[in-house]
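# Coordinate analysis (summary)
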Amino acid sequence: MPRPLFATIHLDSMQHNLAQARSCAPLAKIWAVVKADAYGHGLERALRGFASADGLALVELESAIRLRQLGWTKPILLLEGFFEAADVPMLAEHDIATAVHSIEQVKLLEYTQLYRPIDVYLKMNTGMNRLGFRPDDYAAAHKRLSAIRDVRSITHMTHFANADELEHPRLTIAEQVRRFRAGAGELAGERSLSNSGGVLHQAELADQLSNDWVRPGIMLYGGTPGGRSAHDFGLRPTMTLRSEIIGIQHIGPGDTVGYGSRFEAEGPMTIGVVACGYADGYPRSAPHGTPVIVDGVRTTLVGRVSMDMMTVDLTPVPNARIGSKVTLWGDGLPIDDVAQAAGTIGYELMCALAPRVRVTEGRLGSDG
């Protein structure tokens, strides 16, 4: 029998969250972001969960081609663009749009002859300082792209650094929008500004944001980039990680638990051993107190997470036994709560899910 550890993907929640994104930005078309194997959910499932999206966006060319092979006929966008000359003909062959964020990419497009034109998303660096042309250089890059015969259309794009905190003391959305408008000016073409944070705050930013395309990512998977909870925005978890109790220990005052003996009991305790560890994708950094649900009761992690197992406090669950059901995140336990306790973000937990974890499908609220 396989280990009693599995992740359930809730396609109904994916569909619901996409609908929530559309309700936040009803005038915009939606790029559903499916990079990193759809945040660990699987491209094939993303294809079904986000079937009503206007396009799918990701960073891996091979995965973009795979989407075409799986039957996706609507637009696809490479958010980081292409990396070498050999990639460019593949964009035309599979009708894949690409970001352009550097003069080197512009030059490759100038020197490559394609059998049909491609669509380009020209990226402006408005303060994120990762990729893109600075506002003062943007118009010149746009002019060069516009002169390339095989560029079919140019959409203007930027990325918000602090969309989860509207009044960030160092860089606000308003300032990034101001820089974007200064750089793009009256240039023709559609606009794409908002990531998940921008979409979730679209109503509050309606006087500032004018999106033809939005690019929600983490919100589609039931998480948020920070600030308010996913529940506050009407979002539902799309991945539930479940396991079982495989061992029980009764300990007394002064007894310790796990590697390094980092946890010491102050009194009598019942400790449950769960079949899940950092080799499964659960964060080793998760400290004592990280929330866990056992048989519907919220309790906490104790001791250090090991490669294949973790230990939890069963004292609040007196009827727990070998085989008791454990929820590590998802249905009933927001992934952001676990991530915050572990000093990370929900994105990382989803993407870190290990290949050895069995993946099933089931509706939210079911047992998978």
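What follows covers the side chain of His10. Take His10: it is sitting in the loop between strand E1 (6-9) and helix H1 (11-24). Judged by relative accessible area, which is 0%, His10 ranks as buried. There is a polar contact of 3.4 Å between the side chain of His10 and the backbone nitrogen of Leu364. Contact partners of His10, with chain neighbours within four places excluded, come to Pro237, Thr238, Met239, Thr240, Gly362, Arg363 and Leu364.

Further remarks concern the pairing of strand E17 (residues 325-329). Within E17, four of the five residues are buried, leaving the element largely enclosed by the surrounding structure. Taken together, the four bridges between strand E10 (residues 239-251) and E17 define a ladder with antiparallel strand orientation. Bridged to Ser243 within E17 is Val326. Bridging between strand E14 (residues 291-294) and E17 involves two bridges; their strand directions are antiparallel. When the sheet's bridge partners are listed, Val294 is paired in E17 with Val326.

Okay, the packing of aromatic side chains next. By the definition in use, this model includes six aromatic pairs. Their ring planes at 25 degrees and their centres at 4.4 Å tell us that Trp31 and Trp213 sit as a pair that is stacked. Of this pair, Trp31 sits in strand E2 (residues 29-33) while Trp213 is found in strand E9 (residues 213-214), placing the two residues 182 residues apart along the sequence. Both residues of the pair, Trp31 and Trp213, count as buried. Judged by centre distance (4.4 Å) and plane angle (15 degrees), the rings of Tyr39 and Tyr221 are stacked. Taken together, the residues Tyr39 in helix H2 (residues 35-39) and Tyr221 in the loop between E9 and E10 connect sequence positions 182 residues apart. The same class applies to Tyr39 and to Tyr221, which are both buried. Following the ring pairs from residue to residue traces out a cluster consisting of Tyr39, Phe50, Tyr221 and Tyr347.

One pass over the full model with this rule turns up 19 salt bridges. Between Asp119 and Arg152 there is a salt bridge, and its shortest N-O distance comes to 3.0 Å. Taken together, the residues span a long stretch of sequence, with Asp119 in strand E6 (residues 118-123) and Arg152 in strand E7 (residues 151-157) at a distance of 33 residues. Overall, Asp119 belongs to the partly exposed group, its relative accessible area being 21%. Look at Arg152 and you get partly exposed, because its relative accessible area is 44%. Here Glu175 makes a salt bridge to Arg179, at a shortest N to O gap of 2.8 Å. One end of the pair, Glu175, and the other, Arg179, are both in helix H8 (residues 173-184), four residues apart, so they sit about a helical turn from each other.

Reading the values: rules and limits
- Residues numbered from 1 in each chain as written.
- Predicted model: local features only at pLDDT ≥ 70, side-chain atom pairs only at ≥ 80, totals over all residues.
- Heavy atoms only, no water.
- Helix = DSSP H or I, 4+ residues; strand = E, 2+ residues; numbered from the N terminus.
- Buried < 20%, exposed > 50% of the residue type's maximum accessible area, 1.4 Å probe, protein only.
- Polar contact = N/O pair within 3.5 Å; in protein donor to acceptor, adjacent residues only side chain to side chain.
- Contact = heavy atoms within 4.5 Å.
- Pairing = 2+ DSSP bridges.
- Phe/Tyr/Trp six-rings, centres within 6.5 Å; stacked < 30°, edge-to-face > 60°.
- Salt bridge = Lys/Arg side-chain N within 4 Å of Asp/Glu carboxyl O.

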